[in-house]
Amino acid sequence: MAMPVLATKLFVPPPRINAVSRPRLVRKLDDGVAAGHKLTLVSAPAGFGKSTVLSEWISASRRADPDIGVGWVSLEDSDNDPVRFLSYLSAAFDATNKSLSGPRNLSGSVESTLTSLMNEAAQTASCLLIVLDDFQFIEEASICEAISFLLDHSPPNLHLAIASRSDPLLPVARLRARDQLTELRAADLRFTPDEAAQFLTRATGIALSPDDTAALEERTEGWIAGLQLAALSLRERADPSEFVSAFAGSNRFVIDYLAEEVLERAPAHVRDFLGQTAILERLCAPLCDAVTGNADGVEMLATLERANLFIVPLDDQRQWYRYHHLFADVLMARLRARGIAHVNALHSRASDWFERHGSPEEAVRHALAGSDFPRAARLIESTIPSVRKSRQDATLLGWLALLPRSAIDARPVLRVFSAWASLVAGDLAAVEPQLAAAENQLAVARDGGVHESGPGEELDSLPVTIALYRGALAMAAGDTTAIGAHAQHALDVAASDDYLGRGAAAGMLGLAAWARGELEAGTAAFRQSATSLRHAGNLLDALSTTMVVGDMLLARGRLAEAKSGYELAIGEAEGNPPAADLHAGFSEVLRQCNDLDAAALHLAAADALGAVSFSHEHGYRWAVGMAELARSRGDLDAALDYLAAADTQYRRGFLPDVRPIGGVRARIWITQGRLADARGWIAEQGLSSSDEPVYLSEFGHITLARLLIAEDSDESVDEAVTLLSRLARAADSAGRLGSLIEILILQALALRAEGRTAPALMSLDRALTSAEPDGHIRVFLDEGAPMLRVLREAAGAGIRPDFVRMLSRALRDAGEIAAVTLLATPLSERELSVIRLLGTELTGPQIARELHVSLNTMRTHTKHIFVKLNVNDRGAAVRRAEALGII
């Protein structure tokens, strides 16, 4: 009997037996929807009837409006995998309305999938309600971000309801402030005395005295689970008042006491059944029979439901159930008291049943819970292809973390993926020993030995995978020779029709060329890699090569080609997982073109796709992009904050570290005048001006040149000039035009600082000539006022007049923006026009006519300018504006 996961997770619980109608709560929920609230949050500890009140509300809503669409998802701990969660949410949307599209491709980004769901929902005429029950299990930040995105962009006919034991990691305060939130808390959910009396009478069949009812209500504080447990014990009490008088204590003790009462009074065969099936998150009769070893599952489940023994149906056919969470906790506590061996045996039976019935993930969970690690290892290995294909990396990493070392070591496939997990975690020292051990196991097997990995595609391609991970280690160590050797070995051992393996190997060869500074060869290798990956049907990985090719094109000075590549890839990705990385990478190309607004839009697009959309190797790009954007806008403190975030996301071993985060930070320190801090980073890297120029340290050496210029001594500037000359020759000979432009700019600034204007202008002329065709702008603007001064000299010499004029104007505009932001209240655009004219010989009436405004309006603007500049007359205003660089 295959487990209908979606059916059990999407089933709306029916009203419970003996449930007390709670119209006051239903009205409050109805009022929230009528007021246009986006979210209903029912948040209270266990046993307060959160799911029950939502079920009653849905039933009442359906009676009032039969067309209302409802999708209900019952969550659990294993739903923290973003891809799995998204599949359930998509199915819940489908459940709300038959006109929605049904099965979807969920390999795209979170934002694109949610946007598609919301667009479909907006096309329906009826009100749609999505309920996420037991949301306290969701701790994955990217899932919470997805729900926040849904709340921010939901159409008016869509309402979200969340039931949780704790407040979710959502913008609850913001929604509350905007009057977009309906809340039910424990204080709302507690039974009133009248509700408690009604419930106890229905549940026990006993007419308790008002005093007894009030005592139980007071001592449980209206806590519904406590009242339910009390009702079960009261059924068989000859003297209810005596029981009520003895009933006291905190909730936890009440649970333990009443559970003992309920369970001890149940027949022995019921207690045995409850104890054995307590390990199950969901129950059906065949599964229960497999776990208990009996054949009475159908009868027992029906008995438990009739007795209202904390069992909840999960489908209309009454095939699948679950225990009330509180009751399950008590059952598990009692079960553990029987010994771990007994518990493990039950889990093993459950795992076997799930495996035989096509639910490998549940089978893995029970195998791990039951410490049956050989079984768990075998199951995990068998699911790797499907789990990786569905991009459930978080699930695989979680499983591997729970396996003991001995279970992993027995299987070369798991050893290699354990090495991958270490690589992802940044634990590089742990990678090679695992790869070597797996390789040895394969060699022993070829000589007739055995290992426990089963046959399959992962085992067949393991030599290629091992070589690629070794190449990643060499990348982390900066060993360009070893990178190429491992890449070539991967290519040699990959089968001719192994397009995935050959594509990955070609990519590694491209990385080796990139690390050596051979960017043309690296670009060609990655384009070959993309072609192989497309042959393998792996479009998403093929698109991911765009970031690497883009980085190399930037270093080669080919902005237009990089821009075109990103635009094509983003269009082809259509919001799929590489899209976040692509948007973040594209932002740097746009920043270099000085299109800061477009760069910001692409960074925002990347952020909106959510953290889950970023890859392990490129996830840091967004934070670095935000830092570079903040730096270009003059917010250096924010830039440093973003770089600190990038540090936590960067993983060595995936890409050559040609633009280290620490180097970007050191350049900001130089701009801030924190030269000692920058010098400290240079020392940590072991850089000196006498080093032989190599590409992997080029960024660091250029940073050293910047520091030497900033230190502003005759010796340091002369040292910078010498270093820059050697760097220029290396970049020029290797065709790295992008690097060369920056080096020539610094060379011009250093030479001018030495008073050598003619050679300075020669270097600048060469930089301008190289930069103008592809529109390199930001590399000039980021140098600030010193660049403006040398550009003025270039203008006087007639060098590249149009380009120099445009750059000079952009630098002046940037200076005006920076100056205006120094004011407590910035000048408006009109006030900027007025202050510029105040600096001329024009009279007040002439200025008014020039601006096409009345004289009174001009005088009003002038008064505002005086206030903002803290001056009292025209002359002082002009002098203050000049000091700020406004005019």
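Scroll up for the structure.
Residues numbered from 1 in each chain as written. Predicted model: local features only at pLDDT ≥ 70, side-chain atom pairs only at ≥ 80, totals over all residues. Heavy atoms only, no water.

1. Examining the sheet that holds strand S1 (residues 39-43)
Item 1. Taking strand neighbours across the sheet as the criterion, the five strands line up as S2-S3-S4-S1-S5 in an open arrangement whose pairing is parallel. The sheet terminates laterally at strand S2 (69-74) and strand S5 (181-184), the two strands that pair on one side only. Pairs of neighbouring strands in the sheet enclose a mean axial angle of 15°, with direction left out of account.
Item 2. Direction of pairing for S1 relative to S5: parallel, over a ladder of four bridges. Of the residues in S5, the one forming a bridge with Leu41 is Glu183. (Pairing = 2+ DSSP bridges. Helix = DSSP H or I, 4+ residues; strand = E, 2+ residues; numbered from the N terminus. Axes fitted to C-alpha atoms, helices over the stretch in contact; angles between N-to-C directions.)

2. Structural notes on the nonpolar core
Item 1. If you look at the biggest cluster of nonpolar residues, it comprises 195 residues, and the most contacted ones within it are Tyr323, Leu403, Trp514, Leu764, Leu768, Phe780 and Met787.
Item 2. Sorting elements by how many residues they give to this core places helix H26 (residues 462-477) first, with eleven residues.
Item 3. Once you skip the residues sitting within four places of it in the chain, Tyr323 turns out to touch Phe273, Leu274, Thr277, Ala278, Leu283, Leu304, Phe310, Ile311, Ala328 and Leu331.
Item 4. Core analysis: the next-biggest nonpolar cluster, separate from the first, contains 34 residues, Leu39, Ala92, Ala121 and Ile147 among them. (Core = buried A, V, L, I, M, F, W, Y, C linked by side-chain atoms within 4.5 Å. Buried < 20%, exposed > 50% of the residue type's maximum accessible area, 1.4 Å probe, protein only. Contact = heavy atoms within 4.5 Å.)

3. Re the packing of aromatic side chains
Here a ring pair, both rings aromatic, is described through the centre-centre distance and the interplanar angle of the planes.
Item 1. Within the structure shown, the criterion is met by eight aromatic pairs.
Item 2. The interplanar angle of 85° and the centroid separation of 5.9 Å between the aromatic rings of Phe780 and Phe803 together place this pair among those described as edge-to-face. With Phe780 in helix H42 (residues 778-781) and Phe803 in helix H44 (residues 801-820), this residue pair connects regions lying 23 residues apart in the sequence.
Item 3. By the ring-pair criterion, three or more aromatic residues cluster together here, those being Trp320, Trp353 and Phe354.
Item 4. In this arrangement the basic side chain of Arg667 is found over the ring face of Phe699, its NZ or CZ atom lying 3.8 Å from the centre. (Phe/Tyr/Trp six-rings, centres within 6.5 Å; stacked < 30°, edge-to-face > 60°. Lys NZ or Arg CZ within 6 Å of the ring centre and 35° of its normal.)

4. So, the pattern of salt bridges
Item 1. Taken as a whole and assessed by the stated rule, the structure comprises 47 salt bridges.
Item 2. In this structure, Glu362 and Arg282 form a salt bridge, with 2.9 Å as the shortest nitrogen-oxygen distance. Highlighted residues: Glu362 in helix H19 (residues 360-369) and Arg282 in the loop between helix H14 (268-277) and helix H15 (285-292), separated in sequence by 80 residues. The burial state of Glu362 is the same as that of Arg282; both residues are buried.
Item 3. Salt bridges linked by common partners bring Glu588, Arg591, Glu628, Arg631, Arg659, Arg778 and Asp782 together as one network. (Salt bridge = Lys/Arg side-chain N within 4 Å of Asp/Glu carboxyl O.)

5. Some remarks on the packing of H26 against helix H28 (residues 499-516)
In a pair of packed helices, the angle between the axes and the distance between the axes together describe the arrangement.
Item 1. The N-to-C vectors of H26 and H28 enclose an angle of 20°; their axes lie 10 Å apart at closest approach. By the angle between their directions, the pair H26 and H28 is classed as roughly parallel. When the axes of H26 and H28 are compared, the crossing they make is left-handed. Along the contact surface, H26 presents Val464, Leu468, Gly471, Ala472 and Met475, while H28 presents Gly501, Ala504, Ala505, Met508 and Leu511.
Item 2. For the contact of H26 with H28, the per-class residue count stands at eight nonpolar, two polar and no charged. (Parallel < 35°, antiparallel > 145°, perpendicular 65-115°, else oblique. Left-handed = near helix turned anticlockwise from the far one by under 90°. Nonpolar A, V, L, I, M, F, W, Y, C, P; charged D, E, K, R; others polar.)

6. Quick look at unusual backbone geometry
Item 1. Despite not being glycine, Asp134 shows a phi value in the positive range, around 60°.
Item 2. On the secondary structure map, Asp134 appears in the loop between strand S3 (128-133) and helix H6 (141-153).
Item 3. In this structure, Ser371 takes a positive phi of about 60° despite not being glycine.
Item 4. Since its relative accessible area comes to 38%, Ser371 is described here as partly exposed.

7. Focus on helix H37 (residues 675-685)
Since the α-helix advances by 3.6 residues per turn, residues separated by three or four positions end up pointing in the same direction.
Item 1. Along H37, the residues classified as buried are Ala678, Trp681 and Ile682. All buried residues of H37 fall inside an arc of 100° around its axis, so they share one side. Among the exposed residues of H37, those oriented more than 90 degrees off its buried face are Ala676, Ala683 and Glu684.
Item 2. Those residues of H37 hidden inside the fold are in contact with helix H36 (661-672) and helix H38 (698-711).
Item 3. Phi turns positive, to about 70°, at Gly686, one or two residues after H37. (Arc of directions from axis to C-beta.)

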